[in-house]
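Structural overview for review
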Amino acid sequence: MDGLHSWWEYVVGHGDDVLEATLEHAQITVVVVILATVFSVALGVCVQSRPTSKAIALAIASIFLTIPALALFALFIPLVGPGDNPAMMALFLYAILPILRNTVTGLDEVSPAVVESARGMGMSSAQRLWRVRLPLAWPLIMTGVRISTLLTVGIAAIAILVGGGGLGTFIQGGLTRLGLPNSVESVWVGTVFTVLLGLALDVVLSLVQRLTSSRGLRA
Amino acid sequence: MAGEPKIRLDHVSKIYQGAEGPAVAELTLDIDPGEILVLVGPSGCGKSTTLRLINRMIEPTSGRIYLDGDDVTDVNPDQLRRRIGYVIQQIGLFPHQTIAENVATVPKMLRWDRKRISTRVDELLELVGLDPRVYRDRYPKELSGGQAQRVGVARALGADPSIMLMDEPFGAIDPITRESLQNEFLRLQEELRKTIVFVTHDIDEAIKMGDRIAILGEQSVVHQADTPERILAYPVDDFVRSFIGAGTAMKGLAFERVGDLDLAPFDEGRNGDGKPVGTITADATLFEALEEMLRTADGKTVVVDESGRPAGVVELSHLSDALRTAQDEARRHYDELGAAS
Ligand SMILES: Nc1ncnc2c1ncn2[C@@H]1O[C@H](COP(=O)(O)OP(=O)(O)OP(=O)(O)O)[C@@H](O)[C@H]1O
Ligand SMILES: [Mg+2]
């Protein structure tokens, strides 16, 4: 009870900082996820019907996810200097796999009869993509976007290590001052608000998913 | 031949990449305006390939395709397909769109205005026997198989194409629903007079639906293309004979009506001897007359008029005479064809 109380004191006492860090964290996440979505969906559309390219693209995206975050962050520093930029680049690479994977699976699952009838009515390949295949794959693509968002929110908490901002600053700050007053509270603020931000974004995205998916596709 | 064929395939071949031989070899076929031509043949003989060559879903390896006399072998295939209705067995309705949106697909691509599309959708749904008020806003998952195929037909009729290509459209539907869809479709065709190419592997469906039937063998070789009556009466070779199968002659009886016969007189003494005698009306087919004879195990059946009074008797000899006449007519027809060429 005491811990919770002092934690709350800390949040209230640093209200502006917490809000600012949360917004920055959210901003990093949203920008990364939007870019990753555009890139991964486009890539998925390009490789889906080419088995070799598809396998290569998925393999590379999987490899990104296995590279330790700190190492990947650091790799970009020589290219763009410290700050949010190297962090966002690394996060972008991490966010690709779930969206790419689900785009490919979603497009794979479109019934061949549906595509055949679309072609038979004289839909061009662009029309088939925009009016039929993507709308049908969309619910699954959005699921991928939600997973990538959660992933990004979590990993972004260590962006501070390469000079970036966000809620990681509270965690990092607390850890370096461990033992001193308020250090544990600081770590907890960073952690709890990261989790809350992830949940909030997921709620928003699940609403977006619902609103942008056809009623005809719901189970 | 009177007039220009609606569709002409001129020495069309298709060799799939990596295939040993052609799937369709040098096929030449004319399809007249307003007729239902049924392509029938064993599995893998190339029926679907032939059908898909017409709307260029498959590009021919060689040969030319003409619609209304125009060579369409090299025109833009997407634009071509918007003029041709296409119905497949798996239907392929768009699951993310309502029934109305599905049916509106082609008109929308042709940029009809909203009001015209909406009117057209209602008209088409009514045409295929679905109440627009009930079905317009449903999704495909909320339909039965039979209803979905009605929507498939309505969607293919979207912009009122003069040609319909149908690949086993009723193949995946239970027999009872299939029968009613077939009947409704024939009734629809009375009104619409589309030029229809209809693929099936069911000879009975071919006989029922076809104004003409083309019996195809391997590589879409046409063994016989003619009216169902003539094919049943006079199969030109063993392939056709074995394909149309047993009971062929009897099936031909379905094309003649009792009313057209010179009936034997009804004789109270001979026919009214207490034995159960089947009765039929004058608009029954000879096939139905035969069924009635078999059912009652009697060599004849009594024809009754509207008021139920006996008007005459159909005897077995009527049936064999009718079959012989049909066979003679068909043989003469093929003899003339043979002499002409
Ligand atoms: N896309 C394709 N690539 C290669 N070969 C094909 C392709 N489609 C069909 N074939 C081959 O061409 C031949 C004719 O096939 P088609 O589908 O036209 O037959 P069908 O008469 O419609 O048969 P079914 O009654 O089983 O539908 C078959 O031997 C088939 O294996
Ligand atoms: Mg087929």
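It should be emphasised that the depicted structure is a prediction, and the values quoted were computed from it without experimental measurement.

**Concerning the site of ligand 1**
All names here are of chain B. Near ligand 1 you find Tyr16, Ala23, Ser43, Gly44, Cys45, Gly46, Lys47, Ser48, Thr49 and Glu168, and these make up its full shell. Here Thr49 contributes a side-chain N or O atom positioned 2.5 Å from an oxygen atom of ligand 1. In the complex, 55% of the free accessible area of ligand 1, which totals 640 Å², lies under the protein chains. Each residue belonging to the shell around ligand 1 can be placed in one class, and the counts come to three nonpolar, five polar and two charged.

**Structural notes on the domain arrangement of chain B**
All names here are of chain B. Segmentation of chain B into domains returns domain 1 (7-246) and domain 2 (247-341). In total, domain 1 and domain 2 occlude about 1300 Å² of area from one another, counting both sides; carbon and sulfur atoms represent 61% of this. Taken as a group, Arg230, Leu232 and Tyr234 account for 45% of the area that domain 1 buries against domain 2, more than any other trio of residues on that side. Across the contact surface, domain 1 and domain 2 share two salt bridges. Applying the counting criterion to the domain 1 and domain 2 interface returns five residue pairs in polar contact (both at pLDDT 80 or more). Sorting the residues of the side of domain 1 that touches domain 2 by element identifies helix 9 (203-209), strand 10 (221-226) and helix 10 (228-233) as the ones contributing at least two each. For the side of domain 1 that touches domain 2, the leading source of residues is helix 10, giving five residues. Of the residues that constitute the side of domain 1 that touches domain 2, the class distribution is nine nonpolar, two polar and four charged.

What counts, and at which threshold
- Residues numbered from 1 in each chain as written.
- Chains lettered and ligands numbered in written order.
- Predicted model: local features only at pLDDT ≥ 70, side-chain atom pairs only at ≥ 80, totals over all residues.
- Heavy atoms only, no water.
- Near = heavy atom within 4 Å.
- Polar contact = N/O pair within 3.5 Å; in protein donor to acceptor, adjacent residues only side chain to side chain.
- Areas by Shrake-Rupley, 256 points an atom, 1.4 Å probe, with all protein chains shown as cover.
- Nonpolar A, V, L, I, M, F, W, Y, C, P; charged D, E, K, R; others polar.
- Domains from an automatic or database assignment.
- Buried area = accessible area lost by both parts, 1.4 Å probe.
- Salt bridge = Lys/Arg side-chain N within 4 Å of Asp/Glu carboxyl O.
- Helix = DSSP H or I, 4+ residues; strand = E, 2+ residues; numbered from the N terminus.

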